[in-house]
Structures are given as structure tokens and as C-alpha cells.
Amino acid sequence: SPKKPIHHFSEGKDEKSEKKLRRRYNEAIAYVDAEFGRLIRALEHNKALQNTCFIVTSDHGEIFERGISGHNTPVLYEPLIHIPLIIAYPNQQKREDIYQPTSAIDLLPTLLELSGASIPNNMPGISLIPRNGSSLPERDLFVVEAKSNSSFGPLRKGTFSIIHGNDKL
């Protein structure tokens, strides 16, 4: 990774310890990837993928730079908010890549459309099912980091971001 300035929310991790943590993380990802391969091969072998919607995603990314490691940090750098989202649906004929920012709130409308159910007009989010190569509508997406708050109390502390296209504030 390119060297980046230490952030004032740094945990004091030096470059050597960041590299060690990154290597451990990459090893864990390689293990999970191999296990997903086993699962997909088993589903293919049992012909279960013909009627299965397969979704892989996460609630956050990880960061190993600027003296910060992991995801328990108030910063909203790209390594933390750019998460994987892979959707394979029954009878999908080809791969479709979406390069526009999406949100976790898009999962429910996507699943409703895949299941043949109607999407309520007042539901936040949009379906991510490709429409003949057309792009998703441009919209604002919001990111909130509020892990230090109680799950049972009001939101008192957090980091907020708005994303519009390739711009982030």
C-alpha cells in the first residue's frame, strides 16, 4: 500500500504491525474464499443453484493504514465503507458489474424483486437487478459510524458521511 499520513485517531500501530495484521486478515479472507468455493461446488453438484439466490456481503470493511487497524474507529475511509456485494440469482446468464455506489438498504428491494414480490413505494433503497445495461439512478447515500453508542439509548456520538457519485463529504 502507498504510505499515508498517520491519522489523529491513530491507535499508534506502526507499519510493521499493520503489515502483520493485514497478512492475518488476508489469510482469513483466503480461508473464507476457499470455504465459499466448497459451498458453491456442493450447491452446483446438488443442482441447488438453479433455484437459489446467493448473496455475499458485509456490514463493514477493514483498514490497515494511517496507524489504524480493524474497523473499530470513527473514521469513514474507503477501506471501511467500500464493502463486497455479490449477488447471483437463479438462471442468471451473465455477470453484471455495478460500479456506482450502492447501499445495504438496496438488499431488501433486490430480494423482493428476485422473489417476484412487489416493492412498496415507500421502501428505501432500490433494486440492483440489472436493466439491460442501464445504470442505477444517481442518488445520495449516507454512511454512519456510531459503534460507541449504546444499542438501547439515543444516538449521541457518531461520524457521518454523504456520498454522491464519486464525491464524499
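Residues numbered from 1 in each chain as written. Predicted model: local features only at pLDDT ≥ 70, side-chain atom pairs only at ≥ 80, totals over all residues. Heavy atoms only, no water.

Asker: Got a sec to walk through the side chain of Glu-18? Specific residues and values, please.
Answerer: Tracing the chain through its elements places Glu-18 in helix α1 (residues 15–45). Buried charge without a partner: Glu-18 forms no salt bridge, and the closest opposite charge is Arg-22, 5.5 Å away. Side-chain polar atoms of Glu-18 contact the backbone nitrogen of Gly-67, separated by 2.7 Å. In this view, Glu-18 contacts Lys-13, Phe-64, Glu-65, Arg-66, Gly-67 and Ile-68; residues no more than four positions away in its chain are not counted. (Helix = DSSP H or I, 4+ residues; strand = E, 2+ residues; numbered from the N terminus. Buried < 20%, exposed > 50% of the residue type's maximum accessible area, 1.4 Å probe, protein only. Lys, Arg positive; Asp, Glu negative; His and termini not counted. Salt bridge = Lys/Arg side-chain N within 4 Å of Asp/Glu carboxyl O. Polar contact = N/O pair within 3.5 Å; in protein donor to acceptor, adjacent residues only side chain to side chain. Contact = heavy atoms within 4.5 Å.)

Asker: I'd like a description of α1, backed by residues and values.
Answerer: Relative to the 45 Å expected for 31 residues at 1.5 Å per residue, α1 spans 44 Å between its end C-alpha atoms, a close match to the ideal helical length. Backbone geometry just downstream of α1 places Lys-47 in the positive-phi region, at approximately 55 degrees. (Expected span 1.5 Å × (residues − 1).)

Asker: If you had to explain helix α3 (residues 107–115) to someone new, which residues and values would you point to?
Answerer: Taken together, the buried positions of α3 are occupied by Leu-107, Pro-109, Thr-110 and Leu-112. Close packing links the buried residues of α3 with β1 (54–57) and β4 (85–88). One or two residues past the end of α3 sits Gly-116, with phi positive at roughly 90 degrees.

Asker: A description of a nonpolar patch on the surface should follow, citing residues and the corresponding values.
Answerer: A contiguous nonpolar patch, built from Tyr-31, Val-32, Phe-36 and Leu-39 and spanning about 360 Å² of accessible area, is present on the exposed surface. Residue classification places Tyr-31 among the exposed residues on the basis of a relative accessible area of 55%. (Patch = residues over 30% accessible without salt bridge, like charges linked within 9 Å, V, L, I, M, F, W, Y side chains within 5 Å. Areas by Shrake-Rupley, 256 points an atom, 1.4 Å probe, with all protein chains shown as cover.)

Asker: So what's going on with the pattern of salt bridges? Which residues, and what values?
Answerer: Oppositely charged side chains are able to pair whenever their charged atoms sit close together. Counted by the stated rule, this structure contains 8 salt bridges. Here Arg-23 and Glu-27 are joined by a salt bridge, their closest N and O atoms 3.6 Å apart. Taken together, the positions of Arg-23 and Glu-27, both in helix α1 and 4 residues apart, correspond to about one turn of that helix. Here Glu-27 falls in the partly exposed class, since its relative accessible area comes to 47%. Arg-95 is the partner of Asp-97 in a salt bridge, and the nearest nitrogen-oxygen pair spans 2.9 Å. We classify Arg-95 as exposed; its relative accessible area is 70%.

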